[in-house]
2 protein chains.
Amino acid sequence: MSLRYASCDWGTSSFRIRMVEDGVSKSEINWPFGIRSIHDSVSNECDRDSKFADFLKRGLSALGFGDMPIVLSGMASSTIGWRELRYAKVPLELDGSNLVHERLSLENGTPVFLISGACTNSDIMRGEETEVIGILNHEDYCQYANGCLLLLPGTHSKHLVIDNYRVIGWRTFMTGELFEALTTATILKQTTSTESEGTDEDFLTGVDGGFATGMESGLFRARVRSVLDGAPNESNCAFLSGLLIGSELSHLSHAAQDKPLLVAGPPGLTGRYQLAITQTGAFPSVVTVDLPEGAAMHGHSFLLPRWLDEGESPLA
Amino acid sequence: MSLRYASCDWGTSSFRIRMVEDGVSKSEINWPFGIRSIHDSVSNECDRDSKFADFLKRGLSALGFGDMPIVLSGMASSTIGWRELRYAKVPLELDGSNLVHERLSLENGTPVFLISGACTNSDIMRGEETEVIGILNHEDYCQYANGCLLLLPGTHSKHLVIDNYRVIGWRTFMTGELFEALTTATILKQTTSTESEGTDEDFLTGVDGGFATGMESGLFRARVRSVLDGAPNESNCAFLSGLLIGSELSHLSHAAQDKPLLVAGPPGLTGRYQLAITQTGAFPSVVTVDLPEGAAMHGHSFLLPRWLDEGESPLA
């Protein structure tokens, strides 16, 4: 008998659900239907419950099941999600004890554990709290739960300060979204191209500039390189990416305080951050977190047994 | 007899032409037809000359004239303009002696003086070089031509260093364009609104943050203020505007070197920069340049008499 459940990470623009057995993903589905698309189809509040529940049932069914417990994190607990849950407050215990969650259920009684985000007085996250719990309760990385900096790069990059088995604070950098906006909605669109990767040299030139003086005095350089030097669009794009990441890292360096730095994210992106971090020379101890099945799933696997009633676990 | 000519400032997305007599604008036309729209309608290079010339003739005709000399600055000398002219190199003499320009003509012989931009090894401008010449040859501001910092706020804000009657360098900040991209193409779109101005207090909170630590650690704050504090969208928008301007000014402060700072631009925008500059307390001597008819027109009025052949001036 083993614990079998569905791990679901529902973002603004994507839906990912996995069948997990004994902490290992057995099958997985990714659909481009974020909560935004469900929210936009909701005509009234009665409708909301059934629209979200129906979509989850379709996910379970596509995985080949109808009645597994579901653990659900991400934007599904936001204002535009299934049900809005208040944020947990820092300090956030890494054992999940003060995480905000609610037990809902599908029509057939299948339990759904909806996880909320967390906030400080000046920042918020929704989804990442579960990833942090997944990473710092994983056997390979739990040694860092007593103190580290955890960097989660992405659309909204998070710099989290971990101390004594708690998340005590973080800051959000809109690095990924800024890169997207600059390369699609400004003059830089004409002189950057993401079609192929530029060289590490271009990227690191950007990192140096961003780390030294911040991003903004360098943004127009991504155009000037093209006009004055004839730099190809891939080169300017790598430069711009380095500029933004270098600038982001300059803020992390203020918080470093000799803690080990963990970097966790999709391998390609984590690799770029690693390269940039090495270039700055500012972080003596850096660890790349390698969780191919995703930090959120590990968080769900850690949390679910704590939330099931006696007798509900093991289930299969 | 007086000098009568047409002053034309042709940008990427707008076309402005004025009838000027003795240095004073007598009538003016603004059309939303930038060089981009002409360029996109050009099917081959033979076509290019006639498309641009025809459009200028329509401008002259709308002003009620057919044969005034035209002085033309802005993007018309760029790769997508009427004719691409090389950039003038720094140091740029404020008497215009090393400015790059070319004399073209319409079919009826009307001369058109097309002005090119300027470059350093690491930055470019096209249009602003004429504005700088206009400002620092104007009787109200020529006293600053021997040394000042000149800030031209806008889509691509310029910080110019003036020394000994020359432009010796500048840096471009994409502040205006960044603000536009952030409020239309990122998550901040949902929590900012430019429909009405926020308070000076919101704006100055942003300025403080941007000036102290740069923009990027504050960008997500424009969202968090809404989610955690219920701040209205106008308030978040003013905060964001302050954040970007404060951050831009932090770079200017490095270059200040006790020179007087001149700020020249559209009155609303210049007012906001003035407010931010006062808040930082970093600039002891600040002058707002007030040229209701525009710096470019003053540049054209200064330059044209130097470029007309003997006997061509005065013309009317």
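Residues numbered from 1 in each chain as written. Chains lettered and ligands numbered in written order. Predicted model: local features only at pLDDT ≥ 70, side-chain atom pairs only at ≥ 80, totals over all residues. Heavy atoms only, no water.

### Considering the overall build of chain A
Okay, step 1: Helix and strand counts for chain A come out as ten helices and 15 strands.
Okay, step 2: Here the C-alpha radius of gyration of chain A, 21 Å, is about what a compact globule of 316 residues would show, namely 20 Å.
Okay, step 3: Looking at chain A as a whole, 58% of its 316 residues are labelled buried.
Okay, step 4: Relative to all contacts within chain A whose residues are 6 or more apart in sequence, the contacts with residues 24 or more apart total 66%.
Okay, step 5: Of the roughly 12900 Å² that chain A leaves accessible, carbon and sulfur atoms contribute 46%.
Okay, step 6: Here chain A contributes 24 positively and 40 negatively charged side chains, and the mean placements of these two sets differ by 4 Å. (Helix = DSSP H or I, 4+ residues; strand = E, 2+ residues; numbered from the N terminus. Rg over C-alpha atoms; globule rule 2.2 N^0.38 Å. Buried < 20%, exposed > 50% of the residue type's maximum accessible area, 1.4 Å probe, protein only. Contact = heavy atoms within 4.5 Å. Areas by Shrake-Rupley, 256 points an atom, 1.4 Å probe, with all protein chains shown as cover. Lys, Arg positive; Asp, Glu negative; His and termini not counted. Charge placed at Lys NZ, Arg CZ, Asp CG, Glu CD.)

### Quick look at the sheet that holds strand 5 (residues 88–89) of chain A
Residues and elements named next belong to chain A.
Okay, step 1: The three strands lie next to each other as 5-9-10, forming an open sheet whose pairing is mixed. Every interior strand has two partners, whereas the edge strands, strand 5 and strand 10 (124–125), have only one.
Okay, step 2: Sheet analysis places strand 5 next to strand 9 (residues 118–119), joined by two bridges and oriented parallel. Residue pairing in the sheet places Ala 88 in a bridge with Ala 118 of strand 9. (Pairing = 2+ DSSP bridges.)

### A look at the pairing of strand 14 (residues 261–264) of chain A
Residues and elements named next belong to chain A.
Okay, step 1: Neither face of strand 14 is left uncovered, since the one carrying Leu 261 and Val 263 and the one carrying Leu 262 and Ala 264 both have all their residues buried.
Okay, step 2: Pairing analysis gives three bridges linking strand 11 (residues 147–152) to strand 14, with the strands arranged parallel. Counterpart to Leu 149 in the pairing with strand 14 is Leu 261.
Okay, step 3: Handedness of the crossover joining strand 14 and strand 15 (residues 286–289) through helix 9 (residues 267–280) is recorded here as right-handed. (Right-handed = clockwise from strand over helix to strand, strands pointing away.)

### Topic: the pairing of strand 4 (residues 70–74) of chain B
Residue and element names in this part refer to chain B.
Okay, step 1: When you tally the buried positions in strand 4, you get five out of five residues, the bulk of the element.
Okay, step 2: By the alternation rule, side chains of strand 4 split into Ile 70, Leu 72 and Gly 74 and Val 71 and Ser 73, which are all buried.
Okay, step 3: In this sheet, strand 4 lies alongside strand 1 (residues 4–10) in parallel orientation, the contact comprising five bridges. Bridging across to strand 4, Trp 10 finds its partner in Gly 74.
Okay, step 4: The sheet contact formed by strand 4 and strand 8 (residues 111–115) spans three bridges and is parallel. Bridging across to strand 8, Val 71 finds its partner in Phe 113.

### Quick look at the pattern of salt bridges
Residue and element names in this part refer to chain A.
Okay, step 1: One pass over the structure, following the stated rule, counts 27 salt bridges over all chains.
Okay, step 2: Residue Asp 163 pairs with Lys 259 through a salt bridge whose shortest N-O separation is 3.7 Å. A residue pair is termed long-range when its members are at least 10 positions apart, and Asp 163 in strand 12 (residues 157–163) and Lys 259 in the loop between helix 8 (233–255) and strand 14 qualify at 96 residues.
Okay, step 3: Between Arg 225 and Asp 202 there is a salt bridge whose closest N-O contact spans 3.4 Å. One end of the pair, Arg 225, is in helix 7 (residues 221–229); the other, Asp 202, is in helix 5 (residues 200–213), with 23 residues separating them in the sequence. (Salt bridge = Lys/Arg side-chain N within 4 Å of Asp/Glu carboxyl O.)

### A short note on the packing of helix 4 (residues 175–185) of chain A against helix 4 (residues 175–185) of chain B
Okay, step 1: Packing of helix 4 of chain A against helix 4 of chain B brings their axes to within 10 Å, and their N-to-C directions diverge by 110°. With respect to each other, helix 4 of chain A and helix 4 of chain B are oriented roughly perpendicular. For the pair formed by helix 4 of chain A and helix 4 of chain B, the contact residues are Glu 177, Leu 178, Ala 181, Leu 182 and Ala 185 of chain A on the first element and Glu 177, Leu 178, Ala 181, Leu 182 and Ala 185 of chain B on the second.
Okay, step 2: Here the residues of the contact of helix 4 of chain A with helix 4 of chain B sort into eight nonpolar, no polar and two charged. (Axes fitted to C-alpha atoms, helices over the stretch in contact; angles between N-to-C directions. Parallel < 35°, antiparallel > 145°, perpendicular 65-115°, else oblique. Nonpolar A, V, L, I, M, F, W, Y, C, P; charged D, E, K, R; others polar.)

### Looking at the packing of helix 5 (residues 200–213) of chain B against helix 8 (residues 267–280) of chain B
Residue and element names in this part refer to chain B.
Okay, step 1: Axis separation between helix 5 and helix 8 bottoms out at 10 Å; the angle between their running directions is 55°. With respect to their mutual orientation, helix 5 and helix 8 come out oblique. As helix 5 packs across helix 8, the resulting crossing turns out to be right-handed. Across the interface between the two elements, Asp 200, Phe 203, Leu 204, Val 207, Asp 208 and Phe 211 from helix 5 touch Arg 272, Leu 275, Ala 276, Gln 279 and Thr 280 from helix 8.
Okay, step 2: For the contact of helix 5 with helix 8, the per-class residue count stands at six nonpolar, two polar and three charged. (Left-handed = near helix turned anticlockwise from the far one by under 90°.)

### Some details on the packing of aromatic side chains
Residue and element names in this part refer to chain B.
Okay, step 1: The tally for this structure, following the rule as stated, stands at 18 aromatic pairs over all chains.
Okay, step 2: With a centroid separation of 4.8 Å and an interplanar angle of 75°, the aromatic rings of Trp 10 and Phe 15 are classed as edge-to-face. You'll find Trp 10 and Phe 15 in the same group, each marked buried.
Okay, step 3: Residues Phe 52 and Trp 82 carry aromatic rings whose centres are separated by 6.3 Å and whose planes lie at 10° to one another, so their mutual orientation is stacked. Highlighted residues: Phe 52 in helix 2 (residues 45–63) and Trp 82 in the loop between strand 4 and strand 5 (88–89), separated in sequence by 30 residues. (Phe/Tyr/Trp six-rings, centres within 6.5 Å; stacked < 30°, edge-to-face > 60°.)

### Remarks on the side chain of Ser 7 of chain B
All names here are of chain B.
Okay, step 1: When you line up the elements, Ser 7 lands in strand 1.
Okay, step 2: Ser 7 sits in the buried class, given a relative accessible area of 3%.
Okay, step 3: Each residue touching Ser 7, except ones within four places of it in the same chain, is listed here: Arg 16, Ile 17, Arg 18, Val 20, Val 71, Met 297 and His 300.

### A few points about the relation of the copies chain A and chain B
Okay, step 1: For these two chains of identical sequence, chain A goes onto chain B by a turn of 180° and a shift of 0.0 Å along the axis, with RMSD 0.0 Å. With respect to symmetry, the two chain copies, as superposed, fit the operation of a two-fold axis. It is Ala 181 of chain A whose C-alpha, among those of chain A, lies nearest the rotation axis, at 3.0 Å.
Okay, step 2: The residues that chain A uses at the interface reappear at the interface of chain B in 100% of cases, marking a shared surface. (Least-squares fit on C-alpha atoms with pLDDT ≥ 70 in both.)

### Quick notes on helix 7 of chain A
An α-helical segment advances 3.6 residues per turn. Residues three or four places apart therefore align on the same side.
Okay, step 1: All of the buried residues along helix 7 of chain A are Ala 222, Arg 223, Val 224, Arg 225 and Ser 226 of chain A.
Okay, step 2: Just downstream of helix 7 of chain A lies Gly 230 of chain A, where phi reads positive at about 65°.

### Focus on the domain arrangement of chain A
Okay, step 1: When cut into domains, chain A gives domain 1 (4–138 + 295–307) and domain 2 (173–289).
Okay, step 2: Placing a centre on the C-alpha atoms of domain 1 of chain A and another on those of domain 2 of chain A gives a separation of 31 Å. (Domains from an automatic or database assignment.)

### Examining unusual backbone geometry
Residue and element names in this part refer to chain A.
Okay, step 1: Geometrically, the link from Val 90 to Pro 91 is a cis peptide bond, its omega value of -5° lying close to zero.
Okay, step 2: For Pro 91, the location among the structural elements is in the loop between strand 5 and strand 6 (92–93).
Okay, step 3: In the Ramachandran plot, Asp 22 falls in the positive-phi region, its phi being about 50° despite a non-glycine side chain.
Okay, step 4: Structurally, Asp 22 can be placed in the loop between strand 2 (15–21) and strand 3 (24–31).

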